[in-house]
Amino acid sequence: MPGFAELLKDEIQEIVLSEDQIARRVRELGEEISRDYQGKEVVVVSVLKGAVMFVADLVRHLTVPCSLEFMAVSSYGASTDSSGVVRIIKDLDESIEGRHVLVVEDIIDTGLTLNYLRELLLNRKPASLRICTLLNKPERRAVDVPVDYVGFDIPNEFVVGYGLDYAERYRNVPFIAVLRPEVYNKRGEGA
Ligand code: 5GP
């Protein structure tokens, strides 16, 4: 059976991070986080849907007791010039008061969304709150949000795969890639 790279060769411009590179780094992050939280219990809070693949792989490398919580949020107003103010579509099932919270994100771009979410969660008085992101675009940062664990710094290019979508597609692709410009143009016209 042909692999994803072969199947999508007309749509993908470049593979930025391979499956192996991702798997290795996720394991390292899991080991680092496990060391840092030694003797503690952690509530892993992840934001749907982009971080699903990452969090599923990451928690399998956590050797400390942990629970898994999901939030769903949507931005107010136009998507691109977002102020970072988000509406909660699905909130946490459990209280985080007095607990150690690790927020797991897929990608930090401007940081506005995460900054807002961080403030919101801090208001609920967790014992601690740390942030872990698989991907980070430092060039694009608009607010100074403290990030404790970063998988990879990447340049300012729109990427898909390993949970990240373009128009809800490509989340299932096991590597991270940049699409050919035609793909965006075509979809833009059709939508
Ligand atoms: P921020 O508030 O940091 O600008 O927004 C981060 C969100 O924008 C991410 O959670 C993700 O949904 C989206 N995003 C930012 N950069 C990319 C990208 O390169 N690819 C995809 N698929 N989504 C992105």
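Read on for an overview of the structure. Just so you know, these numbers come straight off a predicted model, no measurement behind them. (Residues numbered from 1 in each chain as written. Predicted model: local features only at pLDDT ≥ 70, side-chain atom pairs only at ≥ 80, totals over all residues. Heavy atoms only, no water.)

### So, the site of the ligand
At step 1: Near the ligand there are 15 residues, and of these Thr 110, Gly 111, Thr 113, Val 159 and Asp 165 occur at the shortest range.
At step 2: Backbone polar atom of Asp 165 to a nitrogen atom of the ligand: 2.8 Å apart, as the coordinates give it.
At step 3: For the ligand, whose unbound accessible area comes to 510 Å², protein coverage reaches 79%.
At step 4: Among the elements of the structure, β5 (100–108) and α4 (112–122) are those that each provide at least two residues to the shell around the ligand.
At step 5: Residues that form the shell around the ligand fall into these classes: six nonpolar, three polar and six charged. (Near = heavy atom within 4 Å. Polar contact = N/O pair within 3.5 Å; in protein donor to acceptor, adjacent residues only side chain to side chain. Areas by Shrake-Rupley, 256 points an atom, 1.4 Å probe, with all protein chains shown as cover. Helix = DSSP H or I, 4+ residues; strand = E, 2+ residues; numbered from the N terminus. Nonpolar A, V, L, I, M, F, W, Y, C, P; charged D, E, K, R; others polar.)

### Some points on the pairing of strand β6 (residues 128–136)
At step 1: Counting buried residues along β6, seven of its nine residues qualify, which places the element largely inside the surrounding structure.
At step 2: Relative to β6, β5 runs parallel, the two sharing eight bridges. Considered in β6, the bridge of Ile 107 is made with Leu 135.
At step 3: Read as a crossover between parallel neighbours, the route from β5 over α4 to β6 is right-handed.
At step 4: As paired elements, β6 and strand β7 (residues 149–153) share four bridges and run parallel to each other. Looking at the pairing, Cys 132 lines up with Tyr 149 of β7. (Buried < 20%, exposed > 50% of the residue type's maximum accessible area, 1.4 Å probe, protein only. Pairing = 2+ DSSP bridges. Right-handed = clockwise from strand over helix to strand, strands pointing away.)

### Considerations on the side chain of Thr 133
At step 1: Topologically, Thr 133 is positioned in strand β6.
At step 2: Classification of Thr 133 by relative accessible area gives buried; the value is 0%.
At step 3: Only 3.5 Å separates the side chain of Thr 133 from the backbone oxygen of Asp 106, close enough to count as a polar contact.
At step 4: With residues up to four places along the chain from it excluded, the contact list for Thr 133 reads Phe 54, Glu 105, Asp 106, Ile 107, Ile 108, Val 147, Tyr 149, Val 150 and Gly 151. (Contact = heavy atoms within 4.5 Å.)

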